[in-house]
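Here is what each chain is made of, one letter per residue.
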Amino acid sequence: IRFEKDRLVIGYALGNKPFNLQTVKKSDVDELLLINQKPSANVAPAHHADPQYYIRGHWRIALKTKSGKLIILDRHTEKGALHSLQNSVREWLQ
């Protein structure tokens, strides 16, 4: 994620080559969301003894555009891991 004055650039880099870039204008953003999606039952305890696998679903930080499009910025199993990015995006939006 690259913060620019009036837009946010989201994508990946392989080495120094960017790919899968998406640009969102600040003026197009309607809402910053922190979402927990739990799409299916957690079957990990039946297959793993290690409790690290027991987390069901992922937290997602996303932007909802004025046109209704949802753009996922990052996802993690721990909500707290996304707070830094959430704060940075919130500051950029102001």
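Residues numbered from 1 in each chain as written. Predicted model: local features only at pLDDT ≥ 70, side-chain atom pairs only at ≥ 80, totals over all residues. Heavy atoms only, no water.

Chemist: Break down the pattern of salt bridges for me, with residues and values.
Modeler: By the definition in use, this model includes two salt bridges. In this structure, Arg 2 engages Glu 4 in a salt bridge whose closest nitrogen and oxygen atoms are separated by 2.9 Å. With a shortest N-O distance of 2.5 Å, Glu 4 and Arg 7 are connected by a salt bridge. Of the residues examined, Glu 4 reaches a relative accessible area of 24% and is grouped as partly exposed. The network of salt bridges with common partners includes Arg 2, Glu 4 and Arg 7. (Salt bridge = Lys/Arg side-chain N within 4 Å of Asp/Glu carboxyl O. Buried < 20%, exposed > 50% of the residue type's maximum accessible area, 1.4 Å probe, protein only.)

Chemist: Could you give me a rundown of the pairing of strand 2 (residues 7-14), with the residues and numbers involved?
Modeler: Both strand 1 (residues 2-3) and strand 2 contribute to a ladder of two bridges, which runs antiparallel. In the sheet register, Arg 2 faces strand 2, and the bridge partner there is Val 9. Between strand 1 and strand 2, which pair antiparallel and follow one another directly, the connecting turn spans three residues. With seven bridges joining them, strand 2 and strand 3 (residues 17-25) adopt antiparallel strand pairing. Within the sheet, the bridge partner assigned to Leu 14 lies in strand 3 and is Lys 17. (Pairing = 2+ DSSP bridges. Helix = DSSP H or I, 4+ residues; strand = E, 2+ residues; numbered from the N terminus.)

Chemist: I'd like a rundown of the sheet that holds strand 4 (residues 29-37), residues and numbers included.
Modeler: With antiparallel pairing, three strands are arranged side by side in an open sheet as 4-5-6. Across the chains shown, the open sheet's two edge strands, defined by having one partner strand only, are strand 4 and strand 6 (70-76). Neighbouring strand axes in the sheet, compared pairwise and without regard to direction, differ in orientation by 20° on average. Along the sheet, helix 2 (residues 83-93) contacts strand 4, strand 5 (58-65) and strand 6; its crossing angle with strand 4, the most-contacted strand, is approximately 170°. (Axes fitted to C-alpha atoms, helices over the stretch in contact; angles between N-to-C directions. Contact = heavy atoms within 4.5 Å.)

Chemist: Can you break down a nonpolar patch on the surface residue by residue, with the values?
Modeler: Side chains of Tyr 12, Leu 14 and Phe 19 sit close together on the surface and give an oily, nonpolar patch of about 370 Å² of accessible area. Judged by its relative accessible area of 65%, Leu 14 falls in the exposed class. (Patch = residues over 30% accessible without salt bridge, like charges linked within 9 Å, V, L, I, M, F, W, Y side chains within 5 Å. Areas by Shrake-Rupley, 256 points an atom, 1.4 Å probe, with all protein chains shown as cover.)

Chemist: Please provide a residue-by-residue account of the layout of surface pockets, values included.
Modeler: Of the pockets and cavities examined, the largest pocket occupies roughly 280 Å³. Elements represented by at least two residues in the lining of the largest pocket include exactly strand 2, strand 3 and strand 6. A per-element tally of the lining of the largest pocket places strand 6 first, with six residues. Tallied by class, the residues present in the lining of the largest pocket amount to eight nonpolar, three polar and two charged. (1 Å grid on protein atoms, 1.4 Å probe; cavity = no way out; pocket = protein on both sides within 12 Å on 5 of 7 lines; lining within 4 Å. Points joined across faces, edges and corners; volume = space filled by probe spheres on them. Nonpolar A, V, L, I, M, F, W, Y, C, P; charged D, E, K, R; others polar.)

Chemist: Can you explain the environment of His 83? Please cite residues and give values.
Modeler: Mapped onto the elements, His 83 comes out in helix 2. His 83 sits in the partly exposed class, given a relative accessible area of 34%. When the C-alpha atoms of His 83 and Leu 34 are compared, they prove to be 9.2 Å apart, with 49 residues separating the residues in sequence.

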